[in-house]
Amino acid sequence: MNSLSDLLDSSLFPPLGETMYAMIRELYPICRSITGKGAEETLDRLQASLEIQIRRVPTGTPVFDWTVPKEWNIRDAYVRDSSGRKIIDFQKSNLHVVSYSQPVNKQVPLQELLQHVITLPSHPDWIPYRTSYYTENWGLCAAHNQVRDLPQGTYDVFIDATFSDGHLVYGEYCKPGDLDDEILISTHICHPSLCNDNLSGIALTAMLAKLVSKFPTRYTYRFLFIPGTIGSITWLSQNREHVHRVKHGLVATCVGDAGPFRYKRSRQGNAVIDRAVLHVLKHCSQNFHESEFSPYGYDERQYCSPGFNLAVGSLTRSSHGQYPQYHTSADDLELVAPINLAQSLEVYARVIHCLEANCTYVSLNPYCEPQLGRRGLYDAIGGNHAPDTFRMALLWVLNQSDGKHSLLDIAERAEIPFDVIADAASALAGAALLAPNPPSASG
Amino acid sequence: MNSLSDLLDSSLFPPLGETMYAMIRELYPICRSITGKGAEETLDRLQASLEIQIRRVPTGTPVFDWTVPKEWNIRDAYVRDSSGRKIIDFQKSNLHVVSYSQPVNKQVPLQELLQHVITLPSHPDWIPYRTSYYTENWGLCAAHNQVRDLPQGTYDVFIDATFSDGHLVYGEYCKPGDLDDEILISTHICHPSLCNDNLSGIALTAMLAKLVSKFPTRYTYRFLFIPGTIGSITWLSQNREHVHRVKHGLVATCVGDAGPFRYKRSRQGNAVIDRAVLHVLKHCSQNFHESEFSPYGYDERQYCSPGFNLAVGSLTRSSHGQYPQYHTSADDLELVAPINLAQSLEVYARVIHCLEANCTYVSLNPYCEPQLGRRGLYDAIGGNHAPDTFRMALLWVLNQSDGKHSLLDIAERAEIPFDVIADAASALAGAALLAPNPPSASG
Amino acid sequence: MNSLSDLLDSSLFPPLGETMYAMIRELYPICRSITGKGAEETLDRLQASLEIQIRRVPTGTPVFDWTVPKEWNIRDAYVRDSSGRKIIDFQKSNLHVVSYSQPVNKQVPLQELLQHVITLPSHPDWIPYRTSYYTENWGLCAAHNQVRDLPQGTYDVFIDATFSDGHLVYGEYCKPGDLDDEILISTHICHPSLCNDNLSGIALTAMLAKLVSKFPTRYTYRFLFIPGTIGSITWLSQNREHVHRVKHGLVATCVGDAGPFRYKRSRQGNAVIDRAVLHVLKHCSQNFHESEFSPYGYDERQYCSPGFNLAVGSLTRSSHGQYPQYHTSADDLELVAPINLAQSLEVYARVIHCLEANCTYVSLNPYCEPQLGRRGLYDAIGGNHAPDTFRMALLWVLNQSDGKHSLLDIAERAEIPFDVIADAASALAGAALLAPNPPSASG
């Protein structure tokens, strides 16, 4: 992995899929929330392979309209029946406690207990995942089958949670490039033992950061590992002066299941990131969905708020509401697979390649076609491309390189994969038929 | 009816449908034409419930390329056979006389008679409606069955019509608003005993004027009751200096039958009125047709002539050429119904609401989302809207309120009904999260 | 043929189809290439009916990135078996020699011979057409059946070709108009005995030039009869200062077969020529194909190179790759027919009419409609058009003539054939209701 074009080597990704899956397996047991030791531990583990900067923002810090909340930590929780048997046990699944639940230690009758236990009758073996960040309450989640036949009686409820002045913790990895212009990849780290949402996003973001770190880049890259919503709000608040440097961005989440790719456009709607992702999906994916921007979803909501209006989209497989296991204990190690992670990483890598290589050229021979045969280009085969496609790519790049069309513009108009267009441009530049159009394009 | 939002109360309209139908029934027997006593009497009746200004423009007044014609009045007409039996009798239907027919009083053989009698062989029981405003001629209309078996012989023809220097009469009702900018609703009053075309338009326009008169409005409203073509030309000619104040307009006609709504765009093609009507139809109508502007039709032809190019569309049910009863005696009191009139009025009312409420806001919290929960808005339900839709409306309004998008822009992009968007904007403005974007938008 | 509108007379074209077919029959036997006597003789024959200027550009002249090649001439060629029998004989078909083949006169064994003989196994009776302009080689083409059963042995190969310093020859016919702005029609003359590609294009271009020469025109017309690629490059190189005068252009080729029309847009994509051709095809063709610009094809590749970016499209019937006979001996006198040539010429003529008549007017009566009846226009029938269509055309022209819409704009919006719109504009201008919008439009 020495250069940008190595990102196009498909054989690179299957082994990385295995590595990402191992990372998910390692992080799976940790109980994460928007603050607390789980997030810290997760970032510590990631640091083993990536020099992530860990940022700590104190409880009470104002971040735009919000305030960094108290730090919440959970040690144990259970419900015990009168015989002492644990009906619900946090040690068996950290989904059993509603995230940010108040602590409790009391005896309650069955009826009161059930008012605080959330189940999924439609999937009676699955434990749902729920949160109560901004409403004071106590609560537990359980498989419907765990509680539906409980006898009348009194139950011990114990939730050993603490709220304290502490910190919101997030990770940031920055890889400098030739330009101050940045590409942002953001992933949320606040979910407990759930794999697709979002250990898959964490693993992919970390792996993509490692890949990008290995070769010189035009853009500066910023990878954020943040708690959802409050994390992106905090980062934006603390980096308000520099946010405008972000020229393209993606929110990486739910990238490990077998569903087709889904791309949700940025608020700008047809930004370069939107076009790059859709071009890559069109040429390397059998089936994908695209959707317009909507202000509901993950952290793109904040990046795309009107004061910032960043060109940040969301590239996922099955995301919220699109798979039954979403936000349940069934979003587990069986739902995600190395091959899916590998495919997702490859798509992200191709998007990065496209953004990096998307320059604008000007033909040095704009009057009529140059004689390609004389230069050995007419029957040249670039890369591993089919000769006819490569020849058409040469003609298209020559025809469109008037200084106004980027290579992505050309790839879209020619309906030829971007990498073929980029290789054709390299061949033509090598033959002194093209020159980069100054000032050097930033996308 | 105290405020704009009362226009969204669906229960308001069914009783008004009955009132409009009664109005049609009252006006049905009057023989109207582009001038003459029929139009005067029609306006007199409307004045009973609405303070319409009656304008009189003398015969011979030049109005752009045209001249106000002589006033035509008709007292009686018939055709009598040799036995004295009235074959055709104006007293039975005022459609029997071609409008603007010359007077005649003579005996004619059958063959000559038939050259002046228009029938509809395809609908042998219906009397057609015909006019001859600008060609001197005499003529009668009859059911085909009335004349097809007439024996040879001589017939008395009597048309007691007069042409005189008089006036073209039209009605105008103006309701001032905060702005000089105007909304124009125009309806034609020149058709005799025909219900859908256009007693329905007259009744709807009068009723809409009464509704609008009851609450303060941003726009000034102008309702015109005019003879077709020559009436709009006359009004435009006499108000040439002020015509530019009309920012949005509709020609109201054929709104009483059971056909689906039809909207014909203004010449501008995508003016706010076009977008408002189509948005309303999309969200409150099962089925509707839209068509591009065409220079053929009703008075929108004049409002959309290139020197004015007003944003005036045409919102109808079945209009000319789209129902077999068009311009025949079968366009009668059975073709129109109170429920259809009520639906049509409701659509017009919702368009008015949309134009009135279509402001542009700027978010006072443009950097990341504000914390809606803290303000009690996150689970708030606005109006009678579904909670999920209202919450999405809140998010959309916040996200798009950058001072460049009107509420209609937002409703279109969000695919959420305008009234939900408007209520969300009100709730957010009430929570000091939005401010109107100065200068206050005029649509 | 005295005026532009005669181009719309359909009865004009069938006899011209016969004349074009006769021209093809006359030129068919000549062996053309990109240089040499065949091209000269072809132009000489065309001069019998059209005053074409013949241009000669010496071998070695630099033309942009290219150089005018040596002149190639071929006198005879054959392959003879050991018994003296001619297996392949140039005298029977000039396709038997690869164009620009090196001369050869030697005995070769069967195996070596077959390395230089190109056949089409899928069409064993057809002789393919091949060239080797820029690679030194010798070669022959034959029907697969001619050579597949040849016995082992030695064969005489004789190709009596010469390469010499000479000229590239092309023809140019210019017809001056009121404007310096030019319409360019370009056709290639470098193919030997092939009818659709491109004797059909030569015949149509010559006939169109004759038609256009007969009446005064607004535009200046330039008709080019050039060898493919090197010819357009040479012409562009030699006329670099004046190329900008070309406002609209077409490459005329493959216009004699029975296939549906095909239009390939110019690089500009929606230039007036693109819109004019597609409008004409839409209204006078049952079935046609349109395609976006692509930098592969005929001489439009050069006219549309980025330094020129001329508005030149390509209007054909079946073109390269779209008919099996393409570049084979089966592209013969049976593939093309007078009726097809006539249809093609008529479409080209209608495009010319559209470009010539495509003026912009301003209504002299922009406020409301003028009273057409008073001027005898309301029931007027223009040309041979249906009265309803003509009346709508009058209304559309009046409505849209605000100085911003050309007649082609109006025809497109109204979905009425251009010639009806143009006749309506003439009638309205005749009634002093329209005036040309100065400065007089150039399209």
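Residues numbered from 1 in each chain as written. Chains lettered and ligands numbered in written order. Predicted model: local features only at pLDDT ≥ 70, side-chain atom pairs only at ≥ 80, totals over all residues. Heavy atoms only, no water.

Here's the deal with unusual backbone geometry
- In this model, A:Asp197 is joined to A:Asn198 through a cis peptide bond whose omega is 20 degrees.
- Summarising the element assignment, A:Asn198 is placed in helix α5 (residues 195–212).
- Even without being a glycine, A:His327 presents a positive backbone phi close to 55 degrees.
- Looking at the secondary structure, you find A:His327 in the loop between β16 (312–316) and α9 (338–357).
- Here A:His327 falls in the buried class, since its relative accessible area comes to 17%.
- Here C:Tyr100, not a glycine, exhibits a phi torsion of approximately 70 degrees, which is positive.
- Among the secondary structure elements, C:Tyr100 is positioned in the loop between β5 (86–89) and β6 (104–109).
- Judged by its relative accessible area of 3%, C:Tyr100 falls in the buried class. (Helix = DSSP H or I, 4+ residues; strand = E, 2+ residues; numbered from the N terminus. Buried < 20%, exposed > 50% of the residue type's maximum accessible area, 1.4 Å probe, protein only.)

Quick look at the environment of A:Leu398
- Examined against the element boundaries, A:Leu398 turns out to sit in helix α10 (residues 387–400).
- A sequence separation of 35 residues divides A:Leu398 from A:Ser363, and the C-alpha atoms of the two residues are 6.1 Å apart.
- Residues contacting A:Leu398, with those up to four places away along its chain left out, are A:Ser363, A:Pro370, A:Leu372, A:Leu428, A:Leu433 and C:Pro306. (Contact = heavy atoms within 4.5 Å.)

Some points on the sheet that holds strand β9 (residues 154–164) of chain A
All names here are of chain A.
- Taken in spatial order, the four strands make up an open sheet running β5-β4-β9-β6, and their pairing is antiparallel. A strand with exactly one partner marks an edge of an open sheet, and here the two such strands are β5 (86–89) and β6 (104–109). Averaged over all pairs of adjacent strands, the angle between their axes in this sheet comes to 20 degrees, without regard to strand direction.
- Relative to β5, strand β4 (residues 71–80) is paired through three bridges, and the arrangement is antiparallel. What sits directly across from Tyr78, in β5, is Asp89. (Pairing = 2+ DSSP bridges. Axes fitted to C-alpha atoms, helices over the stretch in contact; angles between N-to-C directions.)

Some points on the environment of C:Asp178
Residues and elements named next belong to chain C.
- Tracing the backbone shows Asp178 in the loop between β10 (167–175) and β11 (182–188).
- On a C-alpha basis, the gap between Asp178 and Gln102 in space is 49 Å, while along the polypeptide they are 76 residues apart.
- Each residue touching Asp178, except ones within four places of it in the same chain, is listed here: Thr217 and Arg218.

Quick look at the packing of aromatic side chains
- Going through the model one piece at a time under the given rule, you end up with 42 aromatic pairs over all chains.
- Between A:Phe64 and A:Phe308, the aromatic rings sit 5.8 Å apart at their centres with planes inclined by 70 degrees, giving edge-to-face as the arrangement. One end of the pair, A:Phe64, is in the loop between β2 (62–63) and β3 (66–67); the other, A:Phe308, is in the loop between α8 (300–303) and β16, with 244 residues separating them in the sequence.
- Here the aromatic cluster, defined as three or more aromatic residues joined through ring pairs, consists of A:Trp66, A:Trp72, A:Tyr100, A:Tyr133, A:Tyr134 and A:Phe163.
- When the ring centre of B:Phe261 is taken as reference, the NZ or CZ atom of B:Arg317 above it lies at 4.3 Å. (Phe/Tyr/Trp six-rings, centres within 6.5 Å; stacked < 30°, edge-to-face > 60°. Lys NZ or Arg CZ within 6 Å of the ring centre and 35° of its normal.)

Side note on the interface of chain C and chain A
- Taken together, the contact between chain C and chain A spans 20 residues of the former and 19 residues of the latter.
- For the pairing of chain C and chain A, the buried interface totals around 1800 Å² over both sides, and the portion due to carbon and sulfur atoms is 52%.
- Broken down residue by residue, the surface that chain C buries against chain A is led by C:Asp65, C:Arg267 and C:Pro295, which jointly contribute 35%.
- Run the count over chain C and chain A and you get four salt bridges.
- For the salt bridge of C:Arg301 with A:Glu369, the shortest nitrogen-to-oxygen distance reads 2.6 Å.
- Taken together, chain C and chain A are joined by 13 residue pairs in polar contact (both at pLDDT 80 or more).
- For the side of chain C that touches chain A, the elements supplying multiple residues, two or more each, are α6 (230–238) and α8 (300–303) of chain C.
- Residues of the side of chain C that touches chain A, tallied by class, amount to 11 nonpolar, five polar and four charged. (Buried area = accessible area lost by both parts, 1.4 Å probe. Salt bridge = Lys/Arg side-chain N within 4 Å of Asp/Glu carboxyl O. Polar contact = N/O pair within 3.5 Å; in protein donor to acceptor, adjacent residues only side chain to side chain. Nonpolar A, V, L, I, M, F, W, Y, C, P; charged D, E, K, R; others polar.)

What to know about the side chain of B:Thr253
- Here B:Thr253 is to be found in the loop between β13 (246–252) and β14 (261–264).
- A polar contact of 3.1 Å, which involves the side chain of B:Thr253, links it to the side chain of B:Asn198.

Focus on the interface of chain A and chain B
- Across the boundary between the two partners, chain A contributes 20 residues, which contact 19 residues of chain B.
- Taken together, the two surfaces of chain A and chain B that pack against each other cover about 1800 Å², and 51% of this comes from carbon and sulfur.
- Taken as a group, A:Asp65, A:Arg267 and A:Pro295 account for 35% of the area that chain A buries against chain B, more than any other trio of residues on that side.
- Applying the counting criterion to the chain A and chain B interface returns four salt bridges.
- A salt bridge links B:Asp402 to A:Arg267, with the shortest nitrogen-to-oxygen separation between them at 3.0 Å.

As for the packing of helix α1 (residues 13–27) of chain A against helix α2 (residues 37–47) of chain A
Residue and element names in this part refer to chain A.
- Packing of α1 against α2 brings their axes to within 11 Å, and their N-to-C directions diverge by 145 degrees. Between α1 and α2 lies a crossing of right-handed hand. Taken together, the residues of α2 that come into contact with α1 (itself represented by Met23, Glu26 and Leu27) are Thr42, Arg45 and Leu46.
- Residues of the contact of α1 with α2, tallied by class, amount to three nonpolar, one polar and two charged. (Left-handed = near helix turned anticlockwise from the far one by under 90°.)

Quick look at the pattern of salt bridges
- Using the criterion set out here, one finds 72 salt bridges over all chains in the structure.
- Among the salt bridges present, the one from B:Arg80 reaches B:Asp156, with a minimum N-O distance of 3.6 Å. Taken together, the residues B:Arg80 in strand β4 (residues 71–80) and B:Asp156 in strand β9 (residues 154–164) connect sequence positions 76 residues apart.
- Residue B:Arg80 is classed as partly exposed on the basis of its relative accessible area, which comes to 27%.
- Put simply, C:Glu172 and C:Arg55 hold a salt bridge, and the shortest N to O gap is 2.9 Å. Linking C:Glu172 in strand β10 with C:Arg55 in strand β1 (residues 53–58), this pair joins segments that are 117 residues apart in sequence.
- Of the residues examined, C:Glu172 reaches a relative accessible area of 3% and is grouped as buried.
- Salt bridges sharing partners connect three or more residues here, namely A:Arg55, A:Glu172, A:Glu182 and A:Arg222.

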